Amino acid sequence: DAILVTAEDNLTEFLDAAEDGDSFVLFPGEYSLGSYSITKSVKIAGFKPTEKPVIYGQLTCGSTVASVELKDLVFRGNEDPSSVAGQFFNTATGCDLGSLTIDGCEISDYRNNFIYNNAGGTYGTISIRNSYVYNIEGGGGDGIDFRGGAISALTVENSTFANGFRTFLRMQVACDVTFDNCTFYRVSIVNNS
């Protein structure tokens, strides 16, 4: 029952028109998303795990959303080198996200953070599996960065983090945190005083 999207389509228009709980399957190719605010539950997956679609852009949560699921996708923040997105997943005031699941994704080339919450947003669970996160400068932020708000649990499994971050995990709120079978290479290498 998934909605098929090709690289010739406008991904933003598809997401805008989505019903709560819709699933999208993206064919291989490149997609420009810009800074997109998630306002409803959605699942976005690549059609071929061996030929993952590339999405340039940033996701932001500022609404009450039951779940966001991302599978077999490549996310990059640097389509335009002069305007690199600050975060892969940003939290705005009003965010109340039940679950964020990232599975089989490759995420790279953002300016500050991988996942950022400084606006008092509330998360239930964040689950990251089988993913590769790298080349995030962390010049003004940290990798997984919760300075405020709330989160119940963060679970990271079978994932690799490399080449970046000022501080890899900054969890200033109560949270059950689990890392299992992960690889860390040149993590927390950014020194901006």
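Before reading on, note that the structure itself is shown above.
Here goes a summary of the coordinates provided. Here the structure is a predicted model, which means the values were calculated and not measured.

1. Points about the overall build of the protein chain
Line of reasoning, step 1. Secondary structure assignment for the protein chain yields one helix and 19 strands.
Line of reasoning, step 2. For 193 residues, the compact-globule estimate of 2.2 N^0.38 gives 16 Å, and the protein chain sits close to it at 15 Å.
Line of reasoning, step 3. If one aligns the C-alpha atoms of the protein chain with their principal axes, the spans along those axes are about 45 × 35 × 30 Å.
Line of reasoning, step 4. Taken over 193 residues, the protein chain has a buried fraction of 47%.

2. Comments concerning the sheet that holds strand β12 (residues 122-129)
Line of reasoning, step 1. Taken together, the eight strands give an open sheet; going across it, the order is β1-β2-β4-β6-β9-β12-β15-β18, and neighbouring strands pair in parallel fashion. In this open sheet, the two edge strands, each paired with only one partner strand, are β1 (3-5) and β18 (176-180). Averaged over all pairs of adjacent strands, the angle between their axes in this sheet comes to 10°, without regard to strand direction.

3. Some details on the nonpolar core
Line of reasoning, step 1. Counting 48 residues, the largest nonpolar core has Leu70, Ile102 and Phe114 as its most contacted members.
Line of reasoning, step 2. A total of four residues in this core trace back to one element, the largest contributor, which is strand β3 (residues 30-38).
Line of reasoning, step 3. Excluding residues within four positions of it along the chain, Leu70 makes contact with Ile44, Leu59, Phe75, Phe88, Thr101, Ile102, Asp103 and Cys105.

4. Re the environment of Asn163
Line of reasoning, step 1. Of note, Asn163 is situated in strand β16 (residues 160-164).
Line of reasoning, step 2. Judged by its relative accessible area of 22%, Asn163 is partly exposed.
Line of reasoning, step 3. Taking the C-alpha atoms as reference points, Asn163 and Val187, separated by 24 residues in sequence, lie 5.7 Å from one another.
Line of reasoning, step 4. What Asn163 contacts, discounting residues up to four positions off in sequence, is Tyr134, Asn135, Ile136, Tyr185, Arg186 and Ile189.
Line of reasoning, step 5. A distance of 3.0 Å separates the side chain of Asn163 from the side chain of Arg186, its partner in a polar contact.

5. Structural notes on unusual backbone geometry
Negative phi characterises most residues that are not glycine, and trans characterises most peptide bonds.
Line of reasoning, step 1. In the Ramachandran plot, Asn135 falls in the positive-phi region, its phi being about 55° despite a non-glycine side chain.
Line of reasoning, step 2. By the element assignment, Asn135 lies in the loop between β13 (132-134) and β14 (144-146).
Line of reasoning, step 3. Although it is not a glycine, Asn163 adopts a positive phi angle of roughly 55°.

Rules of the game
Chains are numbered independently. Their residues run from 1 in the order of the written sequence. Totals for whole chains, interfaces and linings use all residues, but because this is a predicted model, local features are given only for residues with pLDDT of at least 70 and pairs of side-chain atoms are given and counted only at 80 or more. Excluding hydrogens and water, the side-chain values take into account all heavy atoms of the structure. Secondary structure is summarised from DSSP: a helix means a run of H or I of at least four residues, a strand means a run of E of at least two, and numbering begins at the N terminus for each. The reference for a compact globule is 2.2 Å times residues^0.38; the radius of gyration itself is calculated from the C-alpha atoms. Three labels apply to residues, based on accessible area from a 1.4 Å probe with only protein chains included: buried if under 20% of the type maximum, exposed if over 50%, partly exposed otherwise in between. In this description, strands pair whenever DSSP reports at least two bridges between them. Angles shown run from 0 to 180 degrees and are taken between the N-to-C directions of axes, each axis being a line fitted to C-alpha atoms and, for helices, limited to the stretch in contact. Put simply, a nonpolar core is a bunch of buried Ala, Val, Leu, Ile, Met, Phe, Trp, Tyr and Cys residues held in one set by side-chain atoms that sit within 4.5 Å of each other. Contacts are residue-level and defined by heavy atoms, with any inter-residue pair within 4.5 Å sufficient. Each polar contact in these results corresponds to two N or O atoms within 3.5 Å; when the atoms are within protein, one needs to be able to donate a hydrogen and the other to accept it, and residues that are neighboring in sequence are counted only if both atoms are side-chain atoms.

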